[in-house]
Amino acid sequence: GLGCARGERIGGGQCPYDEHAPLSAEGHEAWDVAMRLGTQLRVSDAVGVIGFDYGVALALADALGYGRAALVELLPAIEAGMLEALCDG
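Bear in mind the structure is a predicted one, so any value in this text is a computation, not a measurement.

Participant: I keep staring at the overall build of the protein and nothing clicks. Help me out?
Facilitator: Looking only at helices and strands, one finds five helices and two strands in the protein. Helices and strands in the protein line up, N terminus first, as α-α-α-β-β-α-α. Residues counted as buried form 20% of the 89 residues belonging to the protein. For the protein, the computed accessible surface area is about 6000 Å², with 56% contributed by carbon and sulfur atoms.

Right, dumping it as structure tokens:
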């Protein structure tokens, strides 16, 4: 919400955007790739979205000059959060 955007505490805690923000250059790169993958998802007719297309993710990382090693370590955690949010929504 707006309060969070102003840096205010939400429900006595830290803003989720701040709490879960990437802390390293590699984390920012993985987050950037994840945000660019919004239209490149693996989808199942029975389930819906089942995850990122990792082939596209790696190609995108290469094109942007990002390291693959950190991406393959961090992207699954971002993917899990996305899938959890989609299931809750």
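Read on, since the account is not over.
Participant: So what exactly am I meant to see when it comes to the pairing of strand β1 (residues 41-44) here?
Facilitator: Moving residue by residue along a regular strand, the side chains alternate between the two faces of the sheet. Sheet analysis places β1 next to strand β2 (residues 48-52), joined by four bridges and oriented antiparallel. The residue of β2 that forms the bridge with Ser44 is Gly48. Taking the residues between adjacent antiparallel strands as the criterion, β1 and β2 are bridged by three residues.

Participant: I keep staring at the packing of helix α3 (residues 25-36) against helix α4 (residues 54-64) and nothing clicks. Help me out?
Facilitator: The description of two helices packed together rests on the angle between their axes and the distance between the axes. Contact pair α3 / α4: the axes reach a minimum separation of 10 Å and the direction vectors enclose 125°. Relative to α4, the element α3 lies oblique. Taken as a pair, α3 and α4 cross one another with a handedness that is right-handed. Across from Asp32, Val33 and Arg36 in α3, the residues of α4 making contact are Ala57, Leu60, Ala61 and Leu64. Residues of the contact of α3 with α4, tallied by class, amount to five nonpolar, no polar and two charged.

Participant: I would appreciate a short explanation of helix α5 (residues 68-88) in the present structure.
Facilitator: One full turn of an α-helix is made of 3.6 residues, so residues set three or four places apart face in the same direction. Taking 1.5 Å of rise per residue, 21 residues should cover 30 Å, and α5 covers 30 Å from first to last C-alpha, within 8% of that figure. Within the span of α5, buried status applies to Leu71, Leu75, Ile78, Glu79 and Met82. Elements that come into contact with the buried residues of α5 comprise α3, β1, β2 and α4.

Participant: Help me understand the nonpolar core in this model?
Facilitator: If you look at soluble globular proteins, the nonpolar side chains tend to sit buried side by side. By size, the foremost hydrophobic cluster in this structure holds eleven residues: Ala30, Val33, Ala34, Leu37, Phe52, Ala57, Ala61, Leu71, Leu75, Ile78 and Met82. For this core, the secondary structure elements donating two or more residues are α3, α4 and α5. The dominant element in this core, judged by the number of residues it contributes, is α5, at four residues.

Participant: Which parts of the structure should I look at to understand the pattern of salt bridges?
Facilitator: Should their charged atoms come close, side chains of opposite charge can pair. What the rule picks out here adds up to two salt bridges. Between Asp32 and Arg36 there is a salt bridge, with the nearest N and O atoms lying 3.0 Å from each other. Within this pair, Asp32 and its partner Arg36 are both found in helix α3, separated by four residues, close to a single helical turn. For the salt bridge of Asp62 with Arg68, the shortest nitrogen-to-oxygen distance reads 2.9 Å. With a relative accessible area of 42%, Asp62 lands in the partly exposed category. Given a relative accessible area of 42%, Arg68 falls into the partly exposed group.

Cut-offs and rules
Residues numbered from 1 in each chain as written. Predicted model: local features only at pLDDT ≥ 70, side-chain atom pairs only at ≥ 80, totals over all residues. Heavy atoms only, no water. Helix = DSSP H or I, 4+ residues; strand = E, 2+ residues; numbered from the N terminus. Buried < 20%, exposed > 50% of the residue type's maximum accessible area, 1.4 Å probe, protein only. Areas by Shrake-Rupley, 256 points an atom, 1.4 Å probe, with all protein chains shown as cover. Pairing = 2+ DSSP bridges. Axes fitted to C-alpha atoms, helices over the stretch in contact; angles between N-to-C directions. Parallel < 35°, antiparallel > 145°, perpendicular 65-115°, else oblique. Left-handed = near helix turned anticlockwise from the far one by under 90°. Contact = heavy atoms within 4.5 Å. Nonpolar A, V, L, I, M, F, W, Y, C, P; charged D, E, K, R; others polar. Expected span 1.5 Å × (residues − 1). Core = buried A, V, L, I, M, F, W, Y, C linked by side-chain atoms within 4.5 Å. Salt bridge = Lys/Arg side-chain N within 4 Å of Asp/Glu carboxyl O.

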